[in-house]
Amino acid sequence: MSKERIKRIQKKLQLSADGIIGPATLSAIESEILGRDKASAASTLYSLTLSQKGFQQLIDHEISSRTYYQRRLQQPIWPGGASGVTIGIGYDLGYNRRSQVRKDWAPYLSDAQLEKLIKVVGKKASAAKSLLASVKGIRIDYQAAARVFSESTLPRYAKKALQTYQGLEKLYPDAQAGILSLVYNRGTRLSGAKRKEMKAIQQLVKKKDYKGIAHQVIAMKRLWQDYRNGIRPICH
């Protein structure tokens, strides 16, 4: 294979185009070839079965696109508000335990990088913002981010979603993905005026009332009237 052809492939994979088939290039090619199989396997979480469209939308909602991730999100960010320092695909260090962070990220980061991240675990809002500079040099490639998201983050939230919304596994795959996204972005608390729609969805899931569920999700826009793009995720 010519060097120029290898460079074209590397550019398509959003890698450094040096024309050499090294470990990074081989891993990226393997990821592309096996991508659909991996996504399919990841779409079955506990008793949930997500549609491929729904699974992809969960990722796209967090990072917009793989290209955007590569350009803007490889390093830790602070999204603002009550968030903590966030890495990978929506992985908020402010809302994860140290033991979980070590388990999830040890395979992909050096010990030194991991220890830097551990120091910001549990920090939120202005405290997290002030610590962002201390971890800015850490980079997490898309493959690692996607793997942690599909193999660790989503399964944990799938379990929470099933516990909160009984009968969720009996809905259509698109609907299962939608409810999982809701739990991922808003958590599982159902008490209080700001949670009345999430509470109402409990009975609608049991009845398989898809129109009712959609109506309640749309009704949540009342909470973020200042945001023209509709529902805005909030901290768990």
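Residues numbered from 1 in each chain as written. Predicted model: local features only at pLDDT ≥ 70, side-chain atom pairs only at ≥ 80, totals over all residues. Heavy atoms only, no water.

Which parts of the structure should I look at to understand helix H11 (residues 210-219)?
In an α-helix, one turn spans 3.6 residues, which is why side chains three or four residues apart end up on the same side. Buried within H11 are the following residues: Gly-212, Ile-213 and Gln-216. Projection of H11 onto a plane perpendicular to its axis shows the buried side chains occupying an angular sector of 100°, all on one side. Facing away from the buried side of H11, by more than 90 degrees, are the exposed residues Lys-211, His-215 and Ile-218. If you follow the buried residues of H11, they end up packed against helix H9 (173-186) and helix H10 (196-207). (Buried < 20%, exposed > 50% of the residue type's maximum accessible area, 1.4 Å probe, protein only. Helix = DSSP H or I, 4+ residues; strand = E, 2+ residues; numbered from the N terminus. Arc of directions from axis to C-beta. Contact = heavy atoms within 4.5 Å.)

Explain the packing of aromatic side chains to me, please; I cannot follow it from the model alone.
We describe a pair of aromatic rings using the distance from one ring centre to the other and the angle between the two ring planes. This model, assessed by the stated rule, comprises six aromatic pairs. A centroid spacing of 5.4 Å and a plane angle of 85° characterise the contact between Tyr-91 and Trp-105, whose relative ring orientation is edge-to-face. Linking Tyr-91 in strand E4 (residues 91-92) with Trp-105 in helix H5 (residues 98-105), this pair joins segments that are 14 residues apart in sequence. Using a relative accessible area of 3% as the deciding quantity, one classes Tyr-91 as buried. (Phe/Tyr/Trp six-rings, centres within 6.5 Å; stacked < 30°, edge-to-face > 60°.)

Help me out: how do you make sense of the pattern of salt bridges in this one?
Oppositely charged side chains may form a pair once their charged atoms are brought near each other. The final tally for this structure, using the stated rule, is four salt bridges. The partner of Arg-102 in a salt bridge is Glu-115, and the shortest N-O contact between them spans 2.6 Å. In this pair, Arg-102 is assigned in helix H5 and Glu-115 in helix H6 (residues 111-118), connecting sequence segments 13 residues apart. Of the residues examined, Glu-115 reaches a relative accessible area of 36% and is grouped as partly exposed. Among the ionic pairs, Glu-197 bridges to Arg-222, the shortest N-O distance being 2.5 Å. One end of the pair, Glu-197, is in helix H10; the other, Arg-222, is in the segment after H11, and 25 residues separate them in sequence. (Salt bridge = Lys/Arg side-chain N within 4 Å of Asp/Glu carboxyl O.)

Looking at this model, I keep getting lost on the confidence of the model for the protein. Mind explaining?
Low pLDDT marks stretches whose predicted atomic positions should not be read closely. When pLDDT is averaged along the protein, the result is 86; 84% of the residues meet or exceed 70. Within the model, the stretch residues 34-42 combines pLDDT values under 50 with seven contacts to residues more than four positions away or in other chains. Note on residues 228-236: pLDDT under 50 across the span, and 24 contacts to partners over four residues away in sequence or across chains. (pLDDT = per-residue confidence, 0-100.)

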